[in-house]
Amino acid sequence: MPPTKKAKKGKKKSKDGKLKIVKSRGAPPPLPPELRALDTEWWYTFLNKQTELKHVVPSDEGEAFRHFFRTSRKTFDYICSIVREDLISRPPSGLINIEGRLLSVEKQVAIAMRRLASGDSQVSVGIAFGVGQSTVSQVTWRFIESMEDRARHHLAWPNQERLEQIKAALEDAYGLPNCCGGVDGTHVTMTLPAVESSEDWCDHAKNYSMFLQGVVDDQMRFIDIVTGWPGSMTFSRLMNYSGFFKRCESGERLNGPVKVSAEGAEIREYVAGDSCYPLLSWLMTPYEGKNLSAPLQNFNARQKAARLLGTNALARLKGSWRILHKVMWRPDKNKLPSIILVCCLLHNILIDCHDELLPSVQLPEHHDTGYT
């Protein structure tokens with residue numbers, strides 16, 4: 001079964017169901033001074049509310065901000081600059097707080113990012129910010145639409161110069177020549193209303209889920225994703241249906257200079273994946289079987305270290321943006337791919353802006369707990 005298609009005008013999907021990464025407009029041009037004033041009052045009001053609710057709040061203000069929103073204040077302001085034009089150009093009719101004032105851009109972004117970061121219900125997020133459930137829903141979706149349109153340059157296939165840097169870093173770290181990154185997949189679990197429940201969306205762990213596959217570089221930055229497909233698919237089938245597979249098979253990707261090993265074998269550019277993926281000229285999987293020779297065991301150890309880049313990136317993604325880690329309550333399957341994409345964009349922005357995650361944000365377990 002193909003993934004559900006989005007009905008929103010102007011959003012495109014490729015025929016293989018992958019969210020198509022198209023050239024974006026990038027960050028908006030500078031705004032007039034009267035629109036550039038940053039609202040900081042919302043933060044202290046929010047912080048006081050967390051104390052009233054007896055939630056654990058780090059004593060350091062900078063750490064507290066990263067705890068709740070995953071980013072530093074500097075990166076948060078950068079994200080606001082990306083979406084500001086959209087959030088201002090569309091007057092927030094009805095988007096007011098309990099004091100009857102219109103929501104600032106900063107508060108709208110904070111509401112959306114807190115919803116994505118915590119995975120808490122819209123009611124809980126609304127209480128924390130003094131707004132209603134419907135306001136949280138509107139603000140979050142408006143933010144997602146804007147990020148999907150304006151921040152796509154943060155998730156793109158690297159040019160050859162950048163690929164050479166990735167390959168050099170991975171060869172130095174793991175001794176794998178021409179390795180361009182790792183690939184892995186994860187399930188975003190959800191509940192569905194009875195009328196939408198079907199075997200297509202029920203995976204082998206008996207959960208309703210949507211699949212996400214990510215290819216990452218040496219810094220665990222997503223450089224390609226595919227999502228929107230039902231979790232009932234296998235890893236290899238999802239790979240075969242992806243645009244990434246088609247581009248690699250056609251020579252459009254991973255087509256850089258070939259290296260020659262000491263044994264005279266040609267090694268083209270490739271990514272490292274687990275044994276659930278097919279072995280291809282551009283997809284390196286581990287040797288299988290018992291009693292492997294020492295050289296094969298050594299190769300498997302190095303290959304595992306490279307492919308764990310994908311595994312660790314997905315764990316960081318779900319740890320940072322817990323909406324993807326918790327069981328989502330009856331999400332709109334047409335909108336869920338956009339939510340997943342924006343979480344991946346935010347993941348990359350944190351890396352691009354050199355933000356460090358707090359240890360408390362990291363997942364204590366595998367990103368796909370309960371799956372084999």
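In the block above lies the structure referred to throughout.
Cut-offs applied
- Residues numbered from 1 in each chain as written.
- Predicted model: local features only at pLDDT ≥ 70, side-chain atom pairs only at ≥ 80, totals over all residues.
- Heavy atoms only, no water.
- Helix = DSSP H or I, 4+ residues; strand = E, 2+ residues; numbered from the N terminus.
- Buried < 20%, exposed > 50% of the residue type's maximum accessible area, 1.4 Å probe, protein only.
- Pairing = 2+ DSSP bridges.
- Arc of directions from axis to C-beta.
- Salt bridge = Lys/Arg side-chain N within 4 Å of Asp/Glu carboxyl O.
- Polar contact = N/O pair within 3.5 Å; in protein donor to acceptor, adjacent residues only side chain to side chain.
- Contact = heavy atoms within 4.5 Å.
- Expected span 1.5 Å × (residues − 1).

Chemist: What is the right way to look at unusual backbone geometry in this model?
Modeler: Note on backbone geometry: most residues besides glycine have negative phi, and most peptide bonds are trans. Although it is not a glycine, R70 sits at a positive phi angle of roughly 75°. In this structure, R70 sits in the loop between α3 (61-69) and α4 (73-89).

Chemist: Can you help me understand the pairing of strand β2 (residues 208-216) in this one?
Modeler: When a strand is regular, its side chains alternate between the sheet's two faces. With respect to burial, β2 is a largely interior element, 8 of its 9 residues being buried. In this structure, strand β1 (residues 179-191) lies alongside β2, joined through 9 bridges in antiparallel fashion. Bridge pairing links T189 to S209 in β2. Where β2 lies against strand β3 (residues 222-230), 6 bridges are found, and the strand directions are antiparallel. Directly across from V216, in β3, lies its bridge partner F222. Hairpin geometry of β2 and β3 is characterised by an intervening segment of 5 residues between the two adjacent antiparallel strands and by a positive phi of about 65° at M220.

Chemist: How should I be thinking about helix α6 (residues 122-129) in this particular structure?
Modeler: In an α-helix there are 3.6 residues to a turn, and that puts residues three or four apart on one side. Those residues of α6 lying buried are V125, G126, A128 and F129. Here the buried residues of α6 occupy an arc of 160° about the axis, which is enough to place them on one side. G130 sits one or two positions beyond α6 and adopts a positive phi of about 70°.

Chemist: What am I meant to see in the pattern of salt bridges here?
Modeler: Pairs can form between side chains of opposite charge once their charged atoms are near each other. In this structure the tally under the stated criterion is 17 salt bridges. Here E85 ties to R150 by a salt bridge, and the two come within 3.1 Å at their closest N and O atoms. With a gap of 65 residues between them, E85 in helix α4 and R150 in helix α7 (residues 133-150) connect regions that are remote in the sequence. Taking the relative accessible area as the measure of exposure, R150 reaches 3% and is therefore buried. With a shortest N-O distance of 3.0 Å, R162 and D218 are connected by a salt bridge. On the criterion of sequence distance, the pair formed by R162 in helix α8 (residues 160-174) and D218 in the loop between β2 and β3 is long-range, its members being 56 residues apart. Judged by its relative accessible area of 21%, D218 is partly exposed.

Chemist: I tried to follow the side chain of T186 on my own but got confused; where do I start?
Modeler: The topology assignment puts T186 in strand β1. For T186, a relative accessible area of 1% gives the class buried. At 2.8 Å, the side chain of T186 forms a polar contact with the side chain of K318. A distance of 2.9 Å separates polar atoms of two side chains, one belonging to T186 and the other to H367. T186 has contacts with M210, F211, L212, L314, K318, H367 and D368, leaving out every residue within four places of it along the chain.

Chemist: Would you mind going over helix α12 (residues 336-352) with me for this structure?
Modeler: Counted at 1.5 Å a residue, the expected span for α12 with its 17 residues is 24 Å, and the 24 Å between its end C-alpha atoms agrees. Across the 17 residues of α12, 16 count as buried, placing the element largely inside the fold. Phi turns positive one or two residues past the end of α12, at H354, with a value near 60°.

Chemist: What is the right way to read the environment of A313 from this model?
Modeler: Tracing the chain through its elements places A313 in helix α11 (residues 294-320). What makes A313 buried here is its relative accessible area of 0%. Sequence separation of A313 and F222 is 91 residues, and the distance between their C-alpha atoms is 7.9 Å. Ignoring any residue separated from it by four or fewer positions in sequence, one finds A313 in contact with V216, M220, F222 and H347.

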